[in-house]
Amino acid sequence: MSHTAGIRQAKKLRTRQALLDAALGLLEEQSLSSLGLREVTRAGGVTPTAFYRHFDDIAALGVALVEQTLGSLHGMIGAILAETGDSEVRLDRSVELIARHVREQPAHFRFIAREQHGGVGPVREAIAAQLRLFTEEVAAALAGEPESRGWSEEDLLMLGGLYVDHMVITASALLDAGPDGGRAVAEVARRRLRLVTLGRLHWLDAPDPAP
């Protein structure tokens, strides 16, 4: 890549990020469905024409915010799940990771919490797709553990979903609690995850439910 092309690419990325940041700031006071393109471009300091060089519409911008917020977590959570050793330590580290991200990016997670069941279909679908992917990744990691011997794929996905659902609930609780209540929320999250882990050890002991 030439020096000139590199400068152009860097400028393009800065403009795109300026639009994302502007939208995120505006979304602190309103939902995505009420957000106007001109509002975003005005706040981002770019022209409406420039917007269309980066996004097809506001929904596409919302999908990009979802990917920016949740996409970065995949590698980090995957690294924690790949660790061997004490499962309690892994649970603690998972809770600490969620707590740190919510603390560092509260506006991003407020956006996810609001739009998960919001009025913009592509954004709802993008959030659901990210959470499904998390569930599949967690299930795949759990499948390789001795405790999962004899488990069906369906049951592993169910267990992965329990962990992911709990992470989402914890993130929302951390947002509501604010800085002062975060420690208490994290402790409750750890205790609940330990309960799920203990139940996992005895799942195959239980008889199948009656048809």
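Residues numbered from 1 in each chain as written. Predicted model: local features only at pLDDT ≥ 70, side-chain atom pairs only at ≥ 80, totals over all residues. Heavy atoms only, no water.

Some thoughts on helix α5 (residues 87–104)
No. 1: A rise of 1.5 Å per residue sets the reference length of α5, with its 18 residues, at 26 Å; its end C-alpha atoms lie 26 Å apart and thus fit the reference within 8%.
No. 2: Within the sequence span of α5, burial applies to Arg90, Leu91, Ser94, Val95, Leu97, Ile98, Ala99, His101 and Val102. (Helix = DSSP H or I, 4+ residues; strand = E, 2+ residues; numbered from the N terminus. Expected span 1.5 Å × (residues − 1). Buried < 20%, exposed > 50% of the residue type's maximum accessible area, 1.4 Å probe, protein only.)

Some details on the environment of Glu115
No. 1: Tracing the backbone shows Glu115 in helix α6 (residues 106–115).
No. 2: A residue is classified by how much of its surface remains accessible, and Glu115, at 2% relative accessible area, is buried.
No. 3: Between the C-alpha atoms of Glu115 and Ala50, which are 65 residues apart in sequence, the distance is 25 Å.
No. 4: When near neighbours in sequence (up to four residues on either side) are disregarded, Glu115 contacts Ser31, Leu32, Val123, Arg124 and Ile127. (Contact = heavy atoms within 4.5 Å.)

What to know about a nonpolar patch on the surface
No. 1: Residues Met158, Trp203 and Leu204 make up a contiguous nonpolar surface patch of about 290 Å² in total accessible area.
No. 2: Along the chain, the position of Leu204 falls in the segment after α8 (153–201). (Patch = residues over 30% accessible without salt bridge, like charges linked within 9 Å, V, L, I, M, F, W, Y side chains within 5 Å. Areas by Shrake-Rupley, 256 points an atom, 1.4 Å probe, with all protein chains shown as cover. Salt bridge = Lys/Arg side-chain N within 4 Å of Asp/Glu carboxyl O.)

Remarks on the nonpolar core
No. 1: Grouped together as the largest cluster of nonpolar side chains are 57 residues, with contacts concentrated most on Leu61, Leu65, Val66, Phe111 and Val123.
No. 2: Those elements that place two or more of their residues in this core are α1 (3–26), α2 (37–44), α3 (48–51), α4 (58–82), α5, α6, α7 (121–143) and α8.
No. 3: Ignoring sequence-local partners within four residues, the contact set of Val66 consists of Gly71, Phe111, Ile112, Val123, Ala126, Ile127 and Gln130. (Core = buried A, V, L, I, M, F, W, Y, C linked by side-chain atoms within 4.5 Å.)

With respect to the side chain of Gln30
No. 1: With respect to the helices and strands, the residue Gln30 is situated in the loop between α1 and α2.
No. 2: Relative accessible area serves as the criterion here: at 19%, Gln30 is assigned to the buried category.
No. 3: Within the local environment of Gln30, its side chain forms a polar contact with the side chain of Ser34, the two groups lying 3.1 Å apart.
No. 4: A distance of 3.2 Å separates polar atoms of two side chains, one belonging to Gln30 and the other to Glu39.
No. 5: Once you skip the residues sitting within four places of it in the chain, Gln30 turns out to touch Leu35, Glu39 and Arg114. (Polar contact = N/O pair within 3.5 Å; in protein donor to acceptor, adjacent residues only side chain to side chain.)

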